[in-house]
Structure formats: structure tokens, C-alpha cells
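Each chain, letter by letter, is given below.
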Amino acid sequence: MSPSTPWWRDAVIYQVYLRSFADGNGDGVGDIAGLRSRLPYLKSLGIDALWINPWYKSPMADGGYDVADFRAIDPMFGTLADAEQLIAEAHRHGIRVIPDIVPNHTSNQHAWFQAALAAGPGSPERERYIFRPGRGPDGAEPPNNWASCFGGPAWTRLPDGDWYLHLYAPEQPDLDWRHPDVHTEFESILRFWFSRGVDGFRIDVAHGLVKDPELPDLPPESAGKASEEHIQHPHWDRDGVHDIYRTWRTIADEFDGDRAFVAEAWADTPERLAAYVRPGGLHTAFNFDFLMASWDAKDLRTVIDDSLAMLNGVGAPATWVLSNHDVMRHTSRYARRTVARWVPNQRYQPQGPVDLDLGTRRARAAALLMLALPGGAYIYQGDELGLPEVEDLPEDVLQDPIWERSGHTDKGRDGCRVPVPWSAKTAPFGFSPEDATGAPWLPQPPNWGERSVEAQTGDETSMLELYRTALRLRRENPALGDGTMTWLDSPAGVLAFRRGLGFVCVVNLSGEAYPLPEHSSVLLAGGPVEDGVLAPDQAAWLAV
Ligand code: GLC
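Definitions and limits used
Residues numbered from 1 in each chain as written. Predicted model: local features only at pLDDT ≥ 70, side-chain atom pairs only at ≥ 80, totals over all residues. Heavy atoms only, no water. Buried < 20%, exposed > 50% of the residue type's maximum accessible area, 1.4 Å probe, protein only. Helix = DSSP H or I, 4+ residues; strand = E, 2+ residues; numbered from the N terminus. Pairing = 2+ DSSP bridges. Near = heavy atom within 4 Å. Polar contact = N/O pair within 3.5 Å; in protein donor to acceptor, adjacent residues only side chain to side chain. Core = buried A, V, L, I, M, F, W, Y, C linked by side-chain atoms within 4.5 Å. Salt bridge = Lys/Arg side-chain N within 4 Å of Asp/Glu carboxyl O. Contact = heavy atoms within 4.5 Å. Axes fitted to C-alpha atoms, helices over the stretch in contact; angles between N-to-C directions.

1. What to know about the pairing of strand 15 (residues 494-499)
Part 1 of the argument: Most of strand 15 sits inside the fold, with five of its six residues counted as buried.
Part 2 of the argument: The sheet contact formed by strand 14 (residues 486-487) and strand 15 spans two bridges and is antiparallel. In the sheet register, tryptophan 487 faces strand 15, and the bridge partner there is phenylalanine 497.
Part 3 of the argument: The hairpin formed by strand 14 and strand 15 contains six residues between the paired strands, and glycine 493 there has a positive phi angle of roughly 90 degrees.
Part 4 of the argument: With six bridges connecting them, strand 15 and strand 16 (residues 503-508) associate as antiparallel partners. The residue of strand 16 that forms the bridge with phenylalanine 497 is cysteine 505.

2. Quick word on the pairing of strand 16
For a regular strand, side-chain orientation follows a simple rule: the groups alternate between the two sheet faces.
Part 1 of the argument: By the criterion of burial, strand 16 is predominantly enclosed, with six of the six residues buried.
Part 2 of the argument: Residues Phe503, Cys505 and Val507 point to one face of strand 16 and Val504, Val506 and Asn508 to the other, with burial holding for every one of them.
Part 3 of the argument: Where strand 15 folds back onto strand 16 in an antiparallel hairpin, the turn is made up of three residues, including glycine 500, whose phi is positive at roughly 60 degrees.
Part 4 of the argument: Pairing between strand 16 and strand 20 (residues 538-543): six bridges, direction antiparallel. The residue of strand 20 that forms the bridge with valine 506 is alanine 540.

3. Things to note about the site of the ligand
Part 1 of the argument: Near the ligand you find 14 residues, and of these Asp62, Asp204, Glu264, His325 and Asp326 are the closest.
Part 2 of the argument: A distance of 2.9 Å separates an oxygen atom of the ligand from a polar side-chain atom of histidine 325.
Part 3 of the argument: In the model, an oxygen atom of the ligand is placed 3.0 Å from a nitrogen or oxygen of the arginine 413 side chain.

4. Overview of the nonpolar core
As a rule of thumb, nonpolar side chains are buried together in soluble globular proteins.
Part 1 of the argument: Counting residues in hydrophobic clusters, the biggest one holds 153 residues, and the most contacted among them are Trp55 and Trp541.
Part 2 of the argument: At nine residues, the largest contribution of residues to this core is made by helix 11 (residues 356-372).
Part 3 of the argument: By size, the runner-up hydrophobic cluster in this structure holds 15 residues, among which are Leu165, Tyr168, Trp236 and Ile402.

5. Remarks on the pattern of salt bridges
Part 1 of the argument: Scanning all chains against the criterion turns up 32 salt bridges.
Part 2 of the argument: Where aspartate 237 meets arginine 272, a salt bridge forms, and the shortest distance between an N and an O atom there is 2.9 Å. Pair noted here: aspartate 237 is in the loop between strand 9 (200-203) and helix 6 (241-254) and arginine 272 is in helix 7 (residues 270-274), with a separation of 35 residues, a long-range link.
Part 3 of the argument: Classification of aspartate 237 as buried rests on a relative accessible area of 2%.
Part 4 of the argument: Judged by its relative accessible area of 18%, arginine 272 falls in the buried class.
Part 5 of the argument: With a closest N to O distance of 3.0 Å, glutamate 465 and arginine 468 form a salt bridge. Placement of the pair is glutamate 465 and arginine 468 together in helix 14 (residues 463-476), with a separation of three residues, close to one helical turn.

6. What to know about the side chain of asparagine 53
Part 1 of the argument: You can see asparagine 53 is positioned in the loop between strand 2 (49-52) and strand 3 (56-57).
Part 2 of the argument: Side-chain polar atoms of asparagine 53 contact the side chain of glutamine 15, separated by 3.0 Å.
Part 3 of the argument: Residues in contact with asparagine 53, not counting those within four places in the same chain, are Gln15, Val16, Tyr17, Tyr65, Asp100 and His325.

7. Points about the sheet that holds strand 18 (residues 521-525)
Part 1 of the argument: Pairing is antiparallel in the open sheet, where five strands are placed in the order 14-15-16-20-18. Lying at the two open borders of the sheet, with one neighbouring strand each, are strand 14 and strand 18.
Part 2 of the argument: Two strands pair when backbone bridges link them, and strand 18 and strand 20 are joined in this way by four bridges, in the antiparallel orientation. Pairing of serine 521 across the sheet is with alanine 543, part of strand 20.
Part 3 of the argument: Contacts from helix 14 reach strand 18 and strand 20 within the one sheet, and its direction differs from that of strand 18 by about 130 degrees.

Set out below in C-alpha cells:
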């Protein structure tokens, strides 16, 4: 990557789910002190930036995505001074810091929502949210048929008769972005954190802010889905969101040092996604199509080509992501012989028996693929340890609101949020200090230590050392990161592409061994390469 490239065009960004990363004060919940103590680890891993899930004051009805005060740190995580120190220390390590911002909704404990509750129906305080009378003779039916993403209706009725909209949990009332206060408040929050040195923001539910003012019913068959011709959906990915982000861009540009946004925007097509990152708009957006692809060469190649074509068209870099705090960890997703393509707007349903060795081999290959593609990449904490989804968490420990809201039919997202193992000994595996008073907020599997940082460090065959080497090679090789790629001829089931003149990545998704193309050396491979042959579910980086 060239030194003149803005950092966000090809950064490797490490996602920290703070509650589960490292516990500094021994209460069983990860915090800023824990994260600060692990900065040397992150530095040695070789990442460029951190994205930190919401750390603001919150009753934690949705793991912090229910924010009560955007200018305060939740005491569970530390203080504002801790956050400022973290930003400064990360910068000293050459690591940038991107917090999450949650503009679609607040907590029901936020001062605005509390004021709206107190002021009653018809009050100006209620206009910052989406309050409506109900339908039916006594208003006992919700105002429309929209569903919450966590299950059940998207409306809750108050004792005073008004209903309010929440696309997520009832504790997360949606803001009304037609109200000028909402704009000025978020612009002020952005400046608050930019002036404290953050390098950008991950924008939560960036595609949800603008609603059709008529709040029309969704046609029953498409509830929760946008139609193929993209007739504007009443609450997802409406064109009006881009006006908001054009203003946000000008705010980022007021500050020195290349501040950047990444949108969590679930769009129907690569074209709709590219609209978020047009000139004058946001810098980057997560490319979830990559994460949703099956483990199939044709499917992956289509996603890669379509994403790059659309993003190049607007001059924006691609981002690649395999896992995050909302989805099944990819080691487990790939551990099923057949990896189904993820259906948008539906929770992933894995099929078939779990083979974690297979999942791990594929996860190694997928990491090499992702880190060789043009653009930036995201690593979710624990990806570099090959952590699997914990699929057998006991029901009584589950905290994700999806579990309750789905009527106990969907265990939700806790399985990808289990606290990270740092040392090989016994639970809490170095997640909390030795003298901790609290157990980890989610139980770790008994064999978690086998995948700990300590167990993998120095083991050349480990996932951790694969990531470390890949990130080092990526930094050293100017052909990687931002730029272009060229596909090479290869049989069906094999992906092979060149970056620059001297670098080739080959991924074997066929069931057969594949003789590598001519090369001067194997820079890195997912597994042993014998006699120049790449085994199934393996990838290699070659110097040519
Ligand atoms: C985003 C977050 C998710 C959260 C939801 C509501 O999708 O990634 O964790 O539950 O928004 O804020």
C-alpha cells in the first residue's frame, strides 16, 4: 500500500466487543482498562485501527446499542477520562480508534425519551420520536404492521394510549429524523468525540434513519424485505438518508487527520450500497455480501466482482468482513459441509453436522482471501484465534434480546460474544485478572484455553500466527491493500488472482488438489503445500 493512500482505503480494522474483550477490574465484564492493557497485543497483531462497539452510558438492553447518554461512558466500561486515555495510548501505538454511533434510536432511559413520556400525547417532546395513536375502535391495534428486527411488533403501547416505534427492542425507541433537534444533537455528538481525537465512527443501522412519513403498512409477503425493483421500502435504505450523511461528511472534514466513517448499511444491491459512499458522502460501508456468500468459488467471485465494480464506479474502496458481533462466527459457519448462501433479512440457519477442523481450514483460507483483496478488511475479536460460535450456551445465561423476543425460538447472538481466552489455564482463561470477583458474563467452554492467545503464540501452525504473518506481509507488500486485482485462469472451484506484478493469491474451493501456478516462492499458506499442490479448502500467497 502506498504511503499517500488515505488510511481508511485499506486499513485492517479490529472490532472490539468491549464486554467480551478483556476485563480490567475483575467484575467479569470487559472494559476500557482491559482493552488498554491489551494494546501491545493488538500492536503486535499488526492491525491499523479499532472499531469499538458502543461504550456509552446504557441500561444494556441490547449490549449498549440502547444509548442513554452519548457523551458519557457507561460505568461498566470506565469513565470519559479512561476513554480519552485509551484514544491517546492507541495513537501512541499507531492504532486509530473508531467508536460506534447509534443514530437510529436511543435508549428508553435517554433524557429525551423520558421527557417525552412525562410530557404526554401530542406534546412537542414526543415529536423527536415516532409516537402515533393506535388503530381500531379504541386504538388497541398498532399503527401499522411493521415488525421489530428482534421479533414481535415494532410498536409498543404506553399506558396513556400512545404507541411508539422501535425497529429493535422496546427499550430502543426510534428517533424521528424529520425533527431538527435530532440533526443538531447528532452533529454536536460527532464534534464532541472528534474533538477528543477519535478517527471516525461506525454508523449503526445507517440505512434505517429515514421513514416514509405516512408509515404505510408493509405488504404482508414483503414485511421485512425490500422488493427487487427497489420501490422505496418504508423504513430501510430510503434515499433521504444520504442528505444526513452529506452533512456528517462536512463535519468529519472540519477536523484534521483524515477522519472516516463506515456505514452499517444493509442494502439490497451493490448499487444501493455504493450510494452511501459516493463523493461527498460516507467514506466506506461494510460489504455484507462477502459475509453472506456461500463457500463457493463462483458465488465469492460474483460478490467480489460486483462489489468492486460498483465501488470503483464511485471511487470508494471495498471493505471485506467475515464475522461480527451480530452473526455466527465464520469458523462455525464454514464447519458445515455445505455452506448455504445467507438469505438477507433472515437469521442464518446452519445446516448439517459441525466439523470444526473443516471450518478452521476454510477460515484460514478465507482470511488469506480477504486480506489479499483490494481495499480494507475487518477482523472481529477472536477471528484471529479461530474461535468458533459457542452453539450450546445454556438457555438461562442468554442475554441477547432476540432470545426473549423470538419466544425462545432463536438463541440470538450471544454465541459469538463469549469472552476471549487469553491464557491456556482454566476459566476465565486470562479474560479477568487472577483476583476477579465476578465470573465472565457469559460462560466460556471448558476447552477455550486451547485457542487462547498464549496457546497459539509461537505455534507456526496456529490461526494467530497465520494472521500475524499475513498482516505483516500485507503491510510490507505495496501490491496489497488499495488498488486493483486481475483474475487468472483457473479451473472451476479455484479462485486465483494477481495483485501488482509479483503477488498471486490462490484459494482452492474445489474438492480436488490443485497444482499451484508457476511461482518463485510460497509466501504464506493456510496449510502445508507439498510438491507445489494446494489441498482442498486451502489458500496460498505466492511470489511470482
Ligand atoms: C446493529 C448492531 C446490533 C444492534 C442493532 C440495533 O445491527 O450491529 O448489534 O442490535 O444495530 O442497534
